[in-house]
Amino acid sequence: MKRFAKVLVFFAGLLLAWQLVVLAKFWSPVLVPSPLSVGRYLWEAANDGTLAGAILVTLKRLALGSVVGLLAGLPLGLLTARFQVMKDTLGLMALGLQALPSVCWVPLALLWFGQTEAAMFFVVVMGTLWSVIIATDNGVRNVPPIYARAARTMGSRGLHTWLQVMLPAALPFVVAGMKQGWAFAWRSLMAAEIYVTILSGFGLGHLLHYGRELNAMDQVIGIMLVLLAIGLLADKVLFSPWERFLHRRWGTA
Amino acid sequence: MTLPTEFQNEAPSKLSVQSVTKRFRSRKGDVHALDRVSLDVNEGEFVCLVGPSGCGKSTLLNIVAGLESADEGRVWCDGVPVTAPGRERMMMFQESALFPWLDALHNVLFGLRLKPGLKSAERREIADFYLRLVGLEKFRRSFVHELSGGMKQRVALARALAPNPRVLLMDEPFAALDALTREQLYGDLQQIWQERRKTILFVTHNVREACCLGDRVLLFSPHPGRIRAEFKIDLPRPREINSVELARHATAVTAELKRTAHTGTPAREEASV
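A brief look at the structure comes next. Sequence order sets the numbering: in each chain, residues are counted from 1 along the sequence as written. Lettering of chains starts at A and numbering of ligands starts at 1, both following the order in which they are written. Whole-chain, interface and lining totals are the exception, using all residues; otherwise, since this is a predicted model, local features are given only for residues with pLDDT of at least 70 and side-chain atom pairs are given and counted only at 80 or more. Only heavy atoms go into the side-chain values, all of them from the structure, while hydrogens and water stay out.

Regarding the sheet that holds strand β9 (residues 216-221) of chain B
Residue and element names in this part refer to chain B.
Part 1 of the reasoning: Two strands pair under a simple rule: DSSP has to find at least two bridges between them. Helical segments are the DSSP runs of H or I of at least four residues, strand segments are the runs of E of at least two, and each set is numbered from the N terminus. On the basis of which strands lie adjacent, the open sheet formed by six strands has the order β6-β7-β8-β3-β9-β10 and mixed pairing. Of all strands in the sheet, those bounded by a partner on one side alone are β6 (89-92) and β10 (226-232). Each neighbouring strand pair of the sheet contributes to a mean axis angle of 20°, computed without reference to strand direction.
Part 2 of the reasoning: Here β9 pairs with β10 via six bridges, running antiparallel. Axes here refer to lines fitted to C-alpha atoms; in helices the fit is confined to the stretch in contact. Angles between the N-to-C directions go from 0 to 180 degrees.

If you want it as structure tokens, here you go:
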């Protein structure tokens, strides 16, 4: 409880400092809106449904792209871990493409797919796929060899060993890769939404973009706060508990 | 295969190692891990291999298990040459090597699932039987990280016994445990061995442990790995690790161990395998 109070004091202080800066009229209120006006924007956007709609559109794109990236990345990562030739070719490619900021896929996706959902989907998949491949490969290579040996003495061979032993043993690393892939996909999706207007759905990035167009700083900051909250939630609710649980049970941390 | 035959004590098997040689290549040059090692293990016999670390005893165990292959020589199990791991030879390691994503019961079931001809209910019954045998029936649903070191090795023992192998290969299974737990397991292992009639090849660097468990103790010396001496331990069972009789045998083995260590080639650093 004491810990919670400290956190509360910190953020209340931050809010207060913000309000004080606004009251000091240091900068124009157009550039630095008060916390209250940002709150008012969020309240209105929440009530007229634009916020919920945008969150839904964005998260749907994110979820679809991440899941496909994961489903494609897992088997490819297993392949690079199993076959040296795959590691030398596909693995190298994945390493290179993972280092490429995923925003860089946006121009290409636009030319290939136009202003469509497909472009969004493509960018998110490219953001996720490579880090999942690398994490799976890394995870499998970090599996203690004793697991595979024990499995062999019990009669496990080939595909059975890979699916029943190597893959579950690598799970903590795979989840870490998913987390990283999610983070990359999230960043690239925001970039894509800000750059590209797609009529099939207004995402959070679009709201951010139109905030700028309309000079509505309360909207810009409000949406940024929403993005921040989504990122925090994903980490605290989706990934961290999983990761902690796996590392504890697997004895890898 | 039916359930009664599954629980039956099959005749334990006879092992024969014939002139096995193994070399490892390392950056510091070749390491002669095993040099024409031969040994025979009778049906139902409990044989311990003792020696300093790096003397090749674990390598020999791996070759008998079929996890590694010999450069020269052969291992026979019941007159059949060993070329790969087989269900009739189960292995236990120093680390439990249990799978942390499975609970105790499903760790034991892992090997049983790979054994053809068993129905799901039968597998369950067998797994429960062996968990009971090692005294862990209450922990069948516990996960590996919830078990103590001794309990982990008990589950590993149950897992190795469950497919009803005729040979049990044990690679320093108790080395990482505290003394009290270890002593308890000495008693349990002797009892299970007599009840379930297995041929056991047991690797350790603990001389007392070897004398407590083995019908015979084979002394290994390193560089190259060879069997230097053989001791028959004809004490009644179950044996108590702290008994004076046992200490006398252990002293004799230790004296021989020290003698070979001094007269043998100078110890080199062990090559990682």
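Brief notes about a nonpolar patch on the surface
Part 1 of the reasoning: Residues with no salt bridge and a relative accessible area higher than 30% make up the patches, which join like charges within 9 Å and nonpolar side chains (Val, Leu, Ile, Met, Phe, Trp, Tyr) within 5 Å. Shrake-Rupley sampling with a 1.4 Å probe provides the accessible areas, and residues are treated as covered by the protein chains on show and by no other component. The working definition used for a salt bridge is a side-chain nitrogen of Lys or Arg within 4 Å of a carboxyl oxygen of Asp or Glu. Residues Val21, Phe26, Trp27, Val30 and Leu31 of chain A make up a contiguous nonpolar surface patch of roughly 540 Å² in combined accessible area.
Part 2 of the reasoning: Along the chain, Phe26 of chain A turns up in the loop between α1 (2-23) and α2 (35-47).

Structural notes on the nonpolar core
Part 1 of the reasoning: Ranked by size, the top nonpolar core spans 106 residues in total, and within it Leu49, Phe99, Leu157, Leu189, Leu201, Phe202 and Val217 of chain B carry the most contacts.
Part 2 of the reasoning: In terms of residues, this core owes the most to one element, helix α5 (residues 149-161) of chain B, which gives seven residues.
Part 3 of the reasoning: Leaving out residues up to four positions away in the same chain, Leu201 of chain B has contacts with Leu15, Val41, Val47, Leu49, Leu61, Val64, Leu168, Leu169 and Met170 of chain B.
Part 4 of the reasoning: Residues enter a nonpolar core if they are buried and are Ala, Val, Leu, Ile, Met, Phe, Trp, Tyr or Cys, with the set joined through side-chain atoms within 4.5 Å. Throughout, exposure labels follow a simple rule: accessible area from a 1.4 Å probe, protein chains only, divided by the maximum for the residue type, with under 20% read as buried, over 50% as exposed, and the rest as partly exposed. Leu62, Leu129, Leu189 and Leu207 of chain A belong to the second largest nonpolar core, which has 38 residues in total. Here, residues are in contact when the closest pair of their heavy atoms is within 4.5 Å.

Let's talk about the sheet that holds strand β1 (residues 15-26) of chain B
Residue and element names in this part refer to chain B.
Part 1 of the reasoning: Spatially, the four strands line up as an open sheet ordered β2-β1-β4-β5, and their pairing is antiparallel. Each end of this open sheet is capped by a strand with a single partner; those strands are β2 (29-41) and β5 (80-81).
Part 2 of the reasoning: In this sheet, β2 lies alongside β1 in antiparallel orientation, the contact comprising nine bridges. Bridged to Lys22 within β2 is Leu34.
Part 3 of the reasoning: With respect to the sheet, helix α2 (residues 57-65) is in contact with β1, β2 and β4 (72-77), its orientation differing from that of β1 by roughly 120°.

Details of the side chain of Glu193 of chain A
All names here are of chain A.
Part 1 of the reasoning: Tracing the sequence through the fold places Glu193 in helix α9 (residues 171-195).
Part 2 of the reasoning: By relative accessible area, Glu193 is classed as buried at 0%.
Part 3 of the reasoning: Under this definition, polar contacts are N or O atom pairs within 3.5 Å; protein pairs additionally need one hydrogen-donor-capable and one acceptor-capable atom, and for neighbouring residues in sequence, both atoms have to be side-chain atoms. A distance of 3.2 Å separates a polar atom in the side chain of Glu193 from the backbone nitrogen of Leu204.
Part 4 of the reasoning: Residues in contact with Glu193, not counting those within four places in the same chain, are Thr58, Arg61, Met120, Gly203, Leu204, Gly205 and His206.

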